[in-house]
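What follows is each chain in one-letter form.
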Amino acid sequence: MEHIYQYSWIISFVTLPVPMLIGVGLLLFPAATKKLRRMWAFPSVFLLSIVMIFSIDLSIQQINSSFIYQYIWSWTINNDFSLEFGHLIDPLTSILSVLITTVGILVLFYSDNYMSHDQGYLRFFAYMSFFTTSMLGLVTSSNLIQIYIFWELVGVCSYLLIGFWFTRPIASNACQKAFVTNRVGDFGLLLGILGLYWITGSFEFRDLFKIFNNLIYNNQVNFLFVTLCAFLLFSGAIAKSAQFPLHVWLPDAMEGPTPISALIHAATMVAAGIFLVARLFPLFVIIPFIMNLIALIGIITVFLGVTLALAQKDIKRSLAYSTMSQLGYTMLALGMGSYRAALFHLITHAYSKALLFLGSGSIIHSMEAILGYSPDKSQNMVLMGGLTKHIPITKTAFLLGTLSLCGIPPFACFWSKDEILNDSWLYSPIFAIIACFTAGLTAFYMFRVYLLTFDGHFNAHFKNYSGKKNSSFYSISLWGKEGSKMLNKNFRLLALLTMNNKERDSFFGKNTYQIDGNVRNMTWPFITVKNFNTKRIFSYPHESDNTMLFPMLILVLFTLFIGAIGIPFNQFNQEGIQLDIDILSKLLTPSLNLLHQNPENSVDWYEFVTNAIFSVSIAFFGIFIASFLYKPVYSSLLNFNFFNSFAKKGPKRIFWDKIINVIYNWSSNRGYIDAFYAISFIGGIRKLVELIHFFDKRIIDGITNGVGVTSFFVGEGIKYVGSGRISSYLLFYLFYALIFLLI
Amino acid sequence: MNSFPWLTIFVVLPISAGSLIFLFPHRGNKVIKWYTIFICAFELLLMNYVFSYYFQLDDPLIQLTEDYKWIQFFDFYWRLGIDGFSLGPILLTGFITTLATLAARPITRDSRLFHFLMLAMYSGQIGLFSSQDLLLFFIMWELELIPVYLLLSMWGGKKRLYSATKFILYTAGGSVFLLMGALGIALYGSNEPRFHFETSANQSYPVALEIFFYIGFLIAFAVKSPIIPLHTWLPDTHGEAHYSTCMLLAGILLKMGAYGLVRINMELLSHAHSIFSPWLIIVGVMQIIYAASTSPGQRNLKKRIAYSSVSHMGFIIIGICSISDMGLNGAILQIISHGFIGAALFFLAGTGYDRIRRVYLDEMGGMATSMPKIFTTFSILSLASLALPGMSGFFAELIVFFGIITGQKYLLMSKILITFVMAVGMILTPIYLLSMLRQMFYGYKLFNAPNSSFFDSGPRELFVSISILLPVIGIGIYPDFVFSLSVDRVEAILSNYFYR
């Protein structure tokens with residue numbers, strides 16, 4: 001069966017023609033290409049499903065016989081240096097490629113509908129296919145340079161997709177922020193790669209690990225330098241997986257279209273950092289300091305993500321912080337050395353979070369028809385509520401995803417998160433306490449999201465009270481005039497795009513804005529403003545189309561059953577020894593598992609049940625608090641009473657309010673970290689730039705100009721002196737004669 | 001081998017064909033434009049043909065040599081010849097000049113003179129890259145300046161006279177040192193001047209004298225390259241010149257400095273080079289950071305791109321001074337790659353300027369919806385410029401990094417420090433390039449210009465940008481295209497340093 005490995009190159013290359021063709025077509029024959037439109041979606045889905053079938057087949061092979069396959073061909077040869085390209089198929093690769101392709105196909109399916117009325121439909125598909133290509137290239141790559149190449153390509157795809165709606169100023173800022181932040185990580189990654197090359201002289205993973213082990217074993221390298229290199233490598237993972245100091249880009253990245261948030265910023269690309277750490281696990285394991293650092297960064301991120309998610313108004317942003325904290329769990333697991341748990345959580349979280357994001361996309365899609373295309377409105381949870389009645393299927397899917405993420409037993413994330421929590425008790429009690437506490441908080445904020453969105457009454461009429469005056473900017477239709485026509489066709493039943501002249505005047509009266517000193521009026525053939533007055537409150541959101549619901553249902557299935565790959569099924573073999581035959585461990589047996597040195601330890605049902613009960617009860621506690629706080633007051637009298645009794649406790653309540661205020665401020669200001677970065681780094685760089693610009697212009701250029709000007713004056717002076725006037729010569733002559741006489 | 005003087009033809013053909021332009025009847029500009037483009041393309045094709053048939057890639061020696069005595073009493077020879085190292089720049093010259101003439105089609109004023117100057121520049125550049133004689137090198141170097149000066153001062157922007165004067169003063173000032181160095185080398189140790197590269201390469205000088213020569217040449221090339229702090233002519237010049245001139249300036253003219261550094265400073269004065277290279281590396285590293293952090297402060301779009309090319313020149317300097325196989329290869333690759341990318345960026349900036357008539361970035365915005373093609377090509381090329389893998393810039397910079405790491409000359413600590421600071425430039429580059437993109441294309445800002453819709457790029461502009469894009473991506477995916485030209489020669493150059 002090994003012949004299948006020979007064809008494994010198709011994993012990374014087969015989807016490449018689609019983005020290339022679309023790109024060339026859009027550039028050279030835009031009209032013809034755009035006419036084909038939907039025709040382009042089919043080949044991309046088709047090719048991706050080929051890859052999916054292939055990678056599923058590969059991973060089945062991997063389960064049956066763990067076998068690492070590597071194929072290399074040389075890329076460039078220089079006499080003392082050769083770069084190679086290749087692919088490496090091992091359990092990690094096969095798991096991730098299955099993950100990427102399944103989520104990728106579902107998201108492609110979903111976005112066919114979600115983006116169908118967007119002008120950039122084809123561009124979107126080109127970017128998406130390019131992303132899946134480079135992501136698959138990343139997971140199959142066999143050396144560090146290749147990893148770096150695809151790492152950057154993935155980052156660029158993310159940049160392009162975040163800035164997909166480039167007419168939105170927020171989106172254009174967000175994509176730049178994402179790219180630059182990721183570049184900081186790449187900086188570390190590149191330096192780490194170079195350092196490791198310097199130490200070992202190889203990029204190939206397996207050679208590298210071998211040489212590295214030998215060197216460490218024989219104590220031939222400077223330990224500090226090795227640690228530094230490992231840390232730099234890890235910093236690439238920090239940026240990509242949105243871990244603590246470099247997490248700032250992820251919430252902003254939610255400006256991209258929602259399918260992208262599901263695919264790139266929840267399921268796959270952010271997992272690239274985890275992948276990198278997992279890939280280099282044999283290297284990191286040798287250096288205990290780095291392992292502790294990974295765990296520490298993980299736990300900080302878990303905590304930070306959770307606290308920041310507590311009071312977000314934007315549904316996607318809240319999910320983004322949740323992604324961040326869940327990735328923190330994964331990182332924590334890696335840092336603790338439980339490789340299996342980390343990958344397990346990576347998989348389960350990817351499916352659950354993709355489900356949640358697709359669900360939120362469906363919600364946004366329904367809300368946009370009513371509230372307009374502004375992320376401030378259509379993603380604002382304050383304006384939602386009571387959607388259960390209107391979009392029941394999405395609600396069910398979203399609820400299941402929420403339950404999974406909270407860690408409620410039958411669902412996927414329960415199994416993996418429970419494993420991580422268990423392992424954390426073995427690792428360090430402090431980390432474990434924080435991890436358990438945040439598990440509770442996770443349940444709390446996820447249910448907050450759920451309740452605000454689906455429970456209670458529809459709140460869209462509040463949007464006019466939402467205090468933000470300048471939000472009218474964003475109701476500018478995305479693609480100018482043509483786009484609005486499309487919208488018109490689309491939502492014919494809400495003939496909202498017109499408004500009377502009076503309002504228009506007042507609108508433009510207010511909106512003169514300042515560009516660089518000159519006040520300009522917005523010219524308005526370009527703009528269509530959707531102004532919705534309160535009469536329209538009676539229009540309600542509608543359920544999305546079937547093409548959007550179908551991928552969600554598939555993901556629900558995944559969420560329900562993907563946990564099965566990590567659940568140990570007890571079986572006895574002939575000798576009566578208990579064996580746990582869970583698929584994941586079978587895949588990862590040869591890999592390292594530090595915490596469970598003794599295999600008997602792993603299947604201890606009693607311990608498992610107690611731990612599970614503990615973590616589930618924490619989750620339920622979180623859910624209970626959430627429903628107590630966010631269940632609309634009028635929905636149940638009981639709660640109301642309870643609330644009253646709570647309110648009576650005078651001074652304590654003030655204290656409580658203060659705490660809530662602190663948390664809210666912390667969360668809504670994003671933990672003040674963004675502000676800190678803005679002041680310290682961006683401000684610092686701006687000042688430095690101004691200073692250097694000044695230096696360049698005034699001093700370096702000034703010297704040259706000064707030389708020029710002085711030479712001009714000297715020339716003029718000499719001209720004046722040597723102008724041939726006899727009187728001046730006489731004057732000079734007398735002058736010198738006088739001096740000579742005096743001396 | 002063959003005795004047919006191909007190189008002489010390459011050098012003489014453009015300028016002689018160009019002087020025929022003045023004999024043309026007054027029939028409008030179209031004939032002249034087509035004629036010029038034809039000449040350029042013909043020359044490019046002819047060069048490709050000749051090099052593919054008569055040039056052996058695996059031979060590190062000078063090939064296609066020609067040696068004629070030109071001026072009798074002076075021992076001045078017309079010596080031409082190319083090797084693997086000069087092949088790349090020559091082909092680049094042909095390519096970029098052809099595209100630049102294509103890009104210059106909108107020019108109508110004095111188009112005879114303009115096109116003649118373009119062709120004269122073509123001759124000068126090819127002559128420079130293929131000359132094997134110090135004095136010929138110097139003459140070609142000077143020949144190059146005059147067309148640039150005229151092109152700048154006649155077809156430039158508002159401050160064209162200022163920048164043209166600045167340019168000519170700077171470069172002529174540099175040329176003085178070049179001449180001094182050339183004469184010094186030629187006259188040392190013998191009564192009759194010897195300008196031939198090969199004879200002077202084998203000569204050895206007293207250290208002090210060698211250092212003196214080295215400084216002289218360095219100043220000349222540092223002005224052209226440019227190396228800080230002699231770079232201030234470049235933003236002004238690029239900011240004012242017409243974009244076809246800018247393409248030539250950024251694509252080829254800057255590379256002449258780097259070429260000269262390798263050809264003369266490295267080959268002829270190897271001892272001084274190994275003394276100076278640590279300092280030059282420090283300068284190069286500073287240049288990367290300095291220019292990359294000056295660039296975001298520029299409001300003028302073209303100046304911002306100009307500073308970005310100053311910053312990228314830093315990699316070339318580091319590569320040259322790393323004195324390692326890979327570093328020099330990386331420098332050559334960066335010469336070629338930046339030739340493409342810089343030229344393309346200036347071209348696109350110029351076409352954008354033709355449409356909106358604004359040079360200041362903070363006045364622009366929201367152009368993406370009205371000109372998607374320019375947007376696409378511009379963003380791809382900016383990504384190429386910030387060293388995105390898969391494009392040529394990435395590979396060049398990567399190889400330069402490896403050159404530093406593997407070079408045997410430097411100590412561990414200094415290596416770490418150098419790579420670290422160089423890599424900081426990697427963070428700064430996207431900041432200015434992406435914010436440039438953002439300010440130009442992203443957003444919704446609308447002009448109150450009377451015609452608020454612009455034409456997207458037509459087939460000609462699209463052709464130019466795509467034909468630059470293809471080699472950029474091609475080299476990025478398969479860098480051996482360039483390496484195969486220069487690897488053997490690089491080894492030959494470096495062998496001086498190791499067997500000494």
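Residues numbered from 1 in each chain as written. Chains lettered and ligands numbered in written order. Predicted model: local features only at pLDDT ≥ 70, side-chain atom pairs only at ≥ 80, totals over all residues. Heavy atoms only, no water.

Peer 1: Looking at this structure, how should I read the overall build of chain B?
Peer 2: Per the secondary structure count, chain B includes 18 helices and two strands. The C-alpha radius of gyration of chain B comes to 22 Å, within 12% of the 23 Å expected for a compact globule of 500 residues. Taking the principal axes of its C-alpha atoms as reference, chain B extends roughly 70 × 65 × 40 Å. A burial count over chain B gives 67% of its 500 residues as buried. Accessible area for chain B stands at about 16,300 Å²; split by element, carbon and sulfur atoms hold 67% of it. (Helix = DSSP H or I, 4+ residues; strand = E, 2+ residues; numbered from the N terminus. Rg over C-alpha atoms; globule rule 2.2 N^0.38 Å. Buried < 20%, exposed > 50% of the residue type's maximum accessible area, 1.4 Å probe, protein only. Areas by Shrake-Rupley, 256 points an atom, 1.4 Å probe, with all protein chains shown as cover.)

Peer 1: Mind showing me how you'd approach the overall build of chain A here?
Peer 2: Looking only at helices and strands, one finds 31 helices and six strands in chain A. Scored against the burial criterion, the 743 residues of chain A give a buried share of 57%. Intrachain contacts of chain A at a sequence separation of at least 6 include 80% that bridge at least 24 residues. Carbon together with sulfur atoms contributes 68% to the accessible area of chain A, which is approximately 32,200 Å² in total. (Contact = heavy atoms within 4.5 Å.)

Peer 1: So what exactly am I meant to see when it comes to the pattern of salt bridges here?
Peer 2: When the charged atoms of two side chains lie near each other, side chains of opposite charge can form a pair. Residue and element names in this part refer to chain A. What the rule picks out here adds up to 19 salt bridges over all chains. Between Glu255 and Arg168 there is a salt bridge whose closest N-O contact spans 4.0 Å. With Glu255 in the loop between helix H12 (249-252) and helix H13 (258-267) and Arg168 in the loop between helix H8 (144-162) and helix H9 (169-200), this residue pair connects regions lying 87 residues apart in the sequence. Look at Glu255 and you get buried, because its relative accessible area is 7%. Here Arg168 falls in the buried class, since its relative accessible area comes to 8%. With a shortest N-O distance of 3.0 Å, Lys177 and Asp674 are connected by a salt bridge. Of this pair, Lys177 sits in helix H9 while Asp674 sits in helix H30 (residues 673-721), and the two are 497 residues apart along the sequence. Judged by its relative accessible area of 12%, Asp674 falls in the buried class. Linked by salt bridges that have partners in common, Lys177, Asp252, Arg317 and Asp674 make up one network. (Salt bridge = Lys/Arg side-chain N within 4 Å of Asp/Glu carboxyl O.)

Peer 1: Before we go on, may I ask you to explain the interface of chain A and chain B in this structure?
Peer 2: Put simply, an interface is often sized by how much accessible area is lost when its parts join up. Of the residues lining the interface, 60 residues belong to chain A; the matching set on chain B comes to 73 residues. Summing both sides of the interface, chain A and chain B together bury roughly 6,000 Å²; the carbon and sulfur share of this comes to 71%. On inspection of chain A and its partner chain B, the count reaches one salt bridge. Note that B:Lys166 is salt-bridged to A:Asp701, the shortest N-O span being 2.4 Å. Across the contact surface, chain A and chain B share 12 residue pairs in polar contact (both at pLDDT 80 or more). Looking at the side of chain A that touches chain B, the elements with two or more residues in it are helix H3 (17-28), strand E1 (69-78), strand E2 (81-89), H8, H9, strand E3 (513-515) and H30 of chain A. Among the elements that make up the side of chain A that touches chain B, the one with the highest residue count is H9(A) (16 residues). (Buried area = accessible area lost by both parts, 1.4 Å probe. Polar contact = N/O pair within 3.5 Å; in protein donor to acceptor, adjacent residues only side chain to side chain.)

Peer 1: Any chance you could explain the environment of A:Asn546 here in plain terms?
Peer 2: Residue and element names in this part refer to chain A. Within the secondary structure, Asn546 is located in helix H25 (residues 546-561). Of the residues examined, Asn546 reaches a relative accessible area of 62% and is grouped as exposed. For the pair formed by Asn546 and Trp198, sequence separation is 348 residues and the distance between their alpha carbons is 55 Å.

Peer 1: In this structure, what is going on with the confidence of the model for chain A? I would like to understand it.
Peer 2: One rule of thumb: low pLDDT means the predicted coordinates there are not for detailed reading. Residues and elements named next belong to chain A. When the pLDDT values of chain A are averaged, the result is 76; 79% of them are 70 or greater. Under a pLDDT of 50 for its full length, residues 466-538 has, in the predicted model, 103 contacts with residues more than four places off or in other chains. Taken as a whole, residues 633-643 scores under 50 in pLDDT and shows seven contacts with residues more than four places along the chain or in a different chain. (pLDDT = per-residue confidence, 0-100.)

Peer 1: I would appreciate a short explanation of the pairing of strand E1 (residues 63-71) of chain B in the present structure.
Peer 2: Along a regular strand, successive side chains alternate from one face of the sheet to the other. Residue and element names in this part refer to chain B. Pairing of E1 with strand E2 (residues 76-82) involves six bridges; the strand directions are antiparallel. Residue pairing across strands places Tyr68 opposite Trp78, the latter belonging to E2. Connecting E1 to the antiparallel partner E2 that follows it, the hairpin turn spans four residues, and Asp75 within it adopts a positive phi of roughly 60°. (Pairing = 2+ DSSP bridges.)

Peer 1: In this structure, what is going on with the environment of B:Leu91? I would like to understand it.
Peer 2: Along the chain, the position of B:Leu91 falls in helix H3 (residues 84-103). In contact with B:Leu91, not counting residues within four places along its chain, are B:Leu44, B:Asn48 and B:Phe51.

Peer 1: Any chance you could explain the nonpolar core here in plain terms?
Peer 2: Buried together is how nonpolar side chains tend to be arranged in soluble globular proteins. Among the nonpolar cores identified, the biggest contains 402 residues, and A:Phe234, A:Phe284, B:Phe51, B:Phe378, B:Met422 and B:Phe441 are the most heavily contacted of them. Residue contributions to this core peak at 19 residues, all from helix H18 (residues 339-371) of chain A. Apart from the residues within four sequence positions on either side, A:Phe284 is in contact with A:Ala230, A:Leu233, A:Phe234, A:Val277, A:Ile290, A:Met291 and A:Ile294. (Core = buried A, V, L, I, M, F, W, Y, C linked by side-chain atoms within 4.5 Å.)

Peer 1: So what exactly am I meant to see when it comes to the packing of aromatic side chains here?
Peer 2: What describes a pair of aromatic rings is the distance from one ring centre to the other and the angle between the planes of the rings. Summed over all chains, the structure comprises 64 aromatic pairs over all chains. Summarising the aromatic geometry, the rings of A:Phe414 and A:Trp415 are spaced 5.0 Å apart at their centres and angled 70° between planes, so their arrangement reads as edge-to-face. Considered together, A:Phe414 and A:Trp415 belong to a single accessibility category, that of buried residues. The cationic tip of A:Arg123 hangs over the ring face of A:Phe164; the distance from NZ or CZ to the ring centre is 4.4 Å. Here the basic side chain of B:Arg79 rests over the ring of B:Tyr77, its NZ or CZ set 4.1 Å away from the ring centre. (Phe/Tyr/Trp six-rings, centres within 6.5 Å; stacked < 30°, edge-to-face > 60°. Lys NZ or Arg CZ within 6 Å of the ring centre and 35° of its normal.)

Peer 1: Could you clarify how one ought to interpret the environment of B:Pro25 in this entry?
Peer 2: Residues and elements named next belong to chain B. Checked against the element boundaries, Pro25 lands in the loop between helix H1 (6-19) and helix H2 (29-54). Classification of Pro25 as exposed rests on a relative accessible area of 52%. Taking the C-alpha atoms as reference points, Pro25 and Glu363, separated by 338 residues in sequence, lie 44 Å from one another.

Peer 1: Quick question: what am I supposed to make of unusual backbone geometry here?
Peer 2: The phi torsion of most residues other than glycine is negative, and most of the peptide bonds are trans. Residues and elements named next belong to chain B. Along the chain, Ser225 connects to Pro226 via a cis peptide bond; the corresponding omega equals -20°. Structurally, Pro226 can be placed in the loop between helix H8 (207-224) and helix H9 (233-240). The linkage connecting Ile228 with the following residue, Pro229, adopts the cis geometry, with an omega of 0°. If you trace the backbone, Pro229 turns up in the loop between H8 and H9. One non-glycine residue, Ile323, lies in the positive phi region at around 50°. Topologically, Ile323 is positioned in the loop between helix H12 (301-321) and helix H13 (325-356). For Ile323, a relative accessible area of 6% corresponds to the buried category. Here the phi dihedral of Ala387 falls at roughly 65°; this positive angle occurs in a residue that is not glycine.

Peer 1: What am I meant to see in the state of the cysteines here?
Peer 2: Disulfides are covalent bonds that connect the sulfur atoms of two cysteines. Residues and elements named next belong to chain A. Across all of its chains, the model carries zero disulfides over all chains by this definition. Looking at Cys175, it has no disulfide partner, and the nearest cysteine sulfur is the one in Cys157, 13 Å off. Cys413 takes part in no disulfide bond, and the closest cysteine sulfur to it belongs to Cys406, at a distance of 9.4 Å. (Disulfide = S-S within 2.5 Å.)

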